[in-house]
Amino acid sequence: MKVAVMGVAGRMGQELVRAAHAAGCGIVGGVEREGSPVIGSDIGLVSGLPPLGVPVTSDAIDVISRCDGILDFTTPKATVEFAGLAANARAVHVIGTTGLSAEDEAQIAAAARHAPIIKAGNMSLGVNLLVALARRVAEALDEDFDIEIVEMHHRDKVDAPSGTALMLGAAAAEGRGIDLGKRAVRARDGHTGPRQRGDIGFATLRGGSVVGDHRVIFAGAGERVELVHVAGDRSIFARGAVKALQWGYGKAPGLYSMSDVLGL
Ligand SMILES: NC(=O)C1=CN([C@@H]2O[C@H](COP(=O)(O)OP(=O)(O)OC[C@H]3O[C@@H](n4cnc5c(N)ncnc54)[C@H](OP(=O)(O)O)[C@@H]3O)[C@@H](O)[C@H]2O)C=CC1
Ligand SMILES: O=C(O)C1=N[C@H](C(=O)O)C[C@H](O)C1
């Protein structure tokens, strides 16, 4: 399978090259934005591998036209642009980018009418299992149990709450049969008054080099159930993304999730 990595020099871009290479994919391109100091460098060397004979480029149109699928962990603006290009080329698009707006999501859904897109705020097996468990626990426990989601990430993360926290919140809301959009409390400050029964709260911590910690708390009177995932390194996300790409190859156009890929 011929694969290209968008944002190839980023934290995830480098992991994706290593994971795709380890999985035996042919890496035919790596894209960074115009003016990036890594343009022209070998993508193997950029990713801590031996040279692969493929230079980093800013020409996304050329790269996408030559590959079967793209791995994209970049920014919302770039991802929306790549979704249009991958749709035109009928290439599989694996989207790990988080912080997407409702408008971005709509444009991605439109692109998925022409090519398969697999999108998830977290591509690790463990988190996707946690999402299924959060849905199940929320279904089993009623609103006597308050749901709070706590996440911590490295100091350079730019979006909050994390994509994973929002996936966990959506699953818990689904389990409870409520609309997350109406019941999410994404931050608290000052004299907030008491907690509203049925709300789903989010708390965001940022610092150091934390790869990604998530905790879903079901707090009742006198007892508490907690579901926790701790990411030890980024290779878990990259391996999931490569698995998604291989799964998506040959699939009909559509918007798929990691739970489709993993059969959860
Ligand atoms: N779904 C999942 O499992 C995971 C999702 N993520 C998400 O992935 C995204 C990236 O995270 P991370 O790797 O840490 O971030 P980085 O900032 O390290 O990497 C993003 C890369 O994309 C590049 N980029 C930005 N715009 C373009 C463009 N138009 N064309 C080509 N390249 C571009 C950036 O370049 P420049 O520095 O010049 O801007 C950078 O090299 C985030 O949204 C994060 O939340 C992260 C981990 C797991
Ligand atoms: O930006 C990150 O680093 C991560 N982003 C994803 C998210 O927003 O949940 C996944 C992972 O937790 C790491």
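Residues numbered from 1 in each chain as written. Chains lettered and ligands numbered in written order. Predicted model: local features only at pLDDT ≥ 70, side-chain atom pairs only at ≥ 80, totals over all residues. Heavy atoms only, no water.

Q: How should I be thinking about the packing of helix α4 (residues 76-89) against helix α5 (residues 102-111) in this particular structure?
A: Relative placement of two packed helices is described by the angle separating their axes and the distance separating the axes. Where α4 contacts α5, the two axes come as close as 9 Å, and the packing angle between them is 15 degrees. With respect to α5, the axis of α4 lies roughly parallel. Here α4 and α5 pass one another in a crossing that is left-handed. Residue-level contacts link Pro76, Thr79, Val80, Ala83 and Ala87 of α4 to Asp104, Gln107, Ile108 and Ala111 of α5. Here the contact of α4 with α5 is composed, by residue class, of 6 nonpolar, 2 polar and 1 charged. (Axes fitted to C-alpha atoms, helices over the stretch in contact; angles between N-to-C directions. Helix = DSSP H or I, 4+ residues; strand = E, 2+ residues; numbered from the N terminus. Parallel < 35°, antiparallel > 145°, perpendicular 65-115°, else oblique. Left-handed = near helix turned anticlockwise from the far one by under 90°. Contact = heavy atoms within 4.5 Å. Nonpolar A, V, L, I, M, F, W, Y, C, P; charged D, E, K, R; others polar.)

Q: Is there a simple way to explain the layout of surface pockets in this structure?
A: One way to see where empty space is left: roll a probe the size of a water molecule over the atoms. What the largest pocket holds in volume is close to 1100 Å³. In terms of lining, the largest pocket is formed by 43 residues, of which the most central are Met12, Phe73, Thr74, Thr75 and Thr97. Those elements that provide at least two residues to the lining of the largest pocket are α1 (11-22), α4 and α7 (163-176). Examining the composition of the lining of the largest pocket, we find that 5 residues originate from one element, α4, more than from any other. Both of domain 1 (2-119 + 235-262) and domain 2 (125-232) provide at least three residues apiece to the lining of the largest pocket. Taken as a whole, the second largest pocket holds about 700 Å³ of empty space. In this structure, the second largest pocket is lined by 34 residues; those nearest its centre are Lys119, Gly121, Gly163, Leu166 and Met167. Elements that contribute at least two residues to the lining of the second largest pocket include exactly α5, α6 (125-140), α7, α8 (180-183), β12 (254-256) and α10 (258-262). The leading source of residues in the lining of the second largest pocket is α7, at 6 residues. Here the lining of the second largest pocket is composed, by residue class, of 17 nonpolar, 11 polar and 6 charged. (1 Å grid on protein atoms, 1.4 Å probe; cavity = no way out; pocket = protein on both sides within 12 Å on 5 of 7 lines; lining within 4 Å. Points joined across faces, edges and corners; volume = space filled by probe spheres on them. Domains from an automatic or database assignment.)

Q: For this particular structure, what's the right way to read the packing of aromatic side chains?
A: Where two aromatic rings form a pair, the distance of their centres and the angle of their planes describe that pair. Tallied over the entire structure, the rule returns 1 aromatic pair. On the basis of an interplanar angle of 80 degrees and a centroid distance of 5.1 Å, the ring pair of Trp247 and Tyr256 is categorised as edge-to-face. Its relative accessible area of 18% is what places Tyr256 among the buried residues. For the cation-ring pair, Lys251 lies above Trp247, with the distance from its terminal atom to the ring centre recorded as 4.3 Å. (Phe/Tyr/Trp six-rings, centres within 6.5 Å; stacked < 30°, edge-to-face > 60°. Buried < 20%, exposed > 50% of the residue type's maximum accessible area, 1.4 Å probe, protein only. Lys NZ or Arg CZ within 6 Å of the ring centre and 35° of its normal.)

Q: What should I look at first to understand the site of ligand 1 in this one?
A: Lining the immediate surroundings of ligand 1 are 23 residues, of which Met12, Glu32, Arg33, Thr98 and Met123 lie closest. At 2.9 Å, a backbone N or O of Arg11 approaches an oxygen atom of ligand 1. Within the backbone of Met123, one N or O atom sits 2.8 Å away from an oxygen atom of ligand 1. Protein chains shield 78% of the accessible area of ligand 1, which is 920 Å² for the free molecule. In a pocket analysis with a 2 Å cut-off to the grid points, ligand 1 is assigned to the largest pocket. (Near = heavy atom within 4 Å. Polar contact = N/O pair within 3.5 Å; in protein donor to acceptor, adjacent residues only side chain to side chain. Areas by Shrake-Rupley, 256 points an atom, 1.4 Å probe, with all protein chains shown as cover. Sits in = over half its atoms within 2 Å of the grid points.)

Q: Explain the UniProt feature "binding site: (S)-2,3,4,5-tetrahydrodipicolinate" (unreviewed entry) in the protein chain to me, please; I cannot follow it from the model alone.
A: Listed under "binding site: (S)-2,3,4,5-tetrahydrodipicolinate" (unreviewed entry) in the UniProt record, and renumbered for this structure, are His154, Gly163 and Thr164. Residues from the annotated list that form part of the lining of the largest pocket: His154, Gly163 and Thr164. Relative to the helices and strands, His154 is located in the loop between β7 (146-153) and α7. Excluding its chain neighbours within four sequence positions, the residues that come into contact with His154 are Arg11, Arg206, Gly207, Gly208, Ser209, Val210, Val211 and Arg234. Residue class for Thr164 comes out buried when judged on its relative accessible area of 3%. Not counting residues up to four positions away in its chain, the partners in contact with Thr164 are Gly121, Asn122, Val127 and His214. For Thr164, the side chain forms a polar contact with the side chain of Asn122, separated by 3.0 Å. (UniProt positions renumbered as here; feature names shortened; annotations may be inferred.)

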